[in-house]
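What follows is each chain in one-letter form.
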Amino acid sequence: MELLNPAFVILIIKITICVFPGVVGIILLSMPEEKKRSFRNSLCNRLFGVSNAIPFPNFERALLIIGILGLLISGAATWFLLIAGMLE
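What comes next concerns the included structure. Here the residue numbering is sequential within each chain, running from 1 through the sequence in written order. It should be noted that, the model being predicted, local features are given only for residues of pLDDT at least 70 and side-chain atom pairs only at 80 or more, the latter also being counted only at that level, while totals for whole chains, interfaces and linings use all residues. Note that water and hydrogens are dropped before the side-chain values are worked out from all heavy atoms of the structure.

## Focus on helix α3 (residues 56-87)
No. 1: End to end, α3 covers 45 Å across 32 residues, agreeing with the expected 46 Å (1.5 Å per residue, within 8%).
No. 2: Bend angle per residue: angle between axes fitted to the 7 residues ending at that residue and the 7 residues starting there. By the criteria applied, helices consist of DSSP H or I runs no shorter than four residues and strands consist of E runs no shorter than two, each listed in order from the N terminus. Its maximal kink placed at Trp-79, α3 deviates by approximately 40 degrees.
No. 3: Taken residue by residue, α3 has Phe-56, Phe-59, Leu-63, Gly-67, Gly-70, Ser-74, Ala-77 and Leu-82 as its buried positions.
No. 4: Contacts are assigned to residue pairs that have any heavy atoms within 4.5 Å of one another. Elements in contact with the buried residues of α3: α1 (6-30) and α2 (33-48). A helix is expected to reach a length of 1.5 Å times the quantity of its residues less one. Only protein chains enter the accessibility calculation, which uses a 1.4 Å probe; a residue is then buried when its area is under 20% of its type maximum, exposed when over 50%, and partly exposed in between.

## Some points on the pattern of salt bridges
No. 1: What counts as a salt bridge is simple: a side-chain nitrogen of Lys or Arg found within 4 Å of a carboxyl oxygen of Asp or Glu. Counting across every chain of the model gives two salt bridges.
No. 2: Between Glu-33 and Arg-37 there is a salt bridge, with the nearest N and O atoms lying 2.9 Å from each other. Of the two residues, Glu-33 and Arg-37 both sit in helix α2, four residues apart, roughly one turn of that helix.
No. 3: The exposure class assigned to Glu-33 is partly exposed, which follows from its relative accessible area of 42%.
No. 4: When the shortest N-O distance is used, the salt bridge between Lys-36 and Glu-60 registers 3.6 Å. With Lys-36 in helix α2 and Glu-60 in helix α3, the pair connects residues that are 24 residues apart, well separated along the chain.
No. 5: On the basis of relative accessibility, which here comes to 30%, the residue Glu-60 falls in the partly exposed class.

Here is the structure:
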């Protein structure tokens, strides 16, 4: 008897694909403002060498869009990878 069945490994990979974008989306949406500012400053320092190259409202809007897209991708992946196969 094998310890890891290939079907079980595939199921774990599917669950990871379904959950990871949702977790990232929730983290980006629920991040407090001072954490967003420090994240923007560190990202701008690494990319451009200046801490305020991207205006904060634009950066905050981009985080909001990326977070919502992560939740949508997570929902779509859950539907197509896990739920749709059970309904047949």
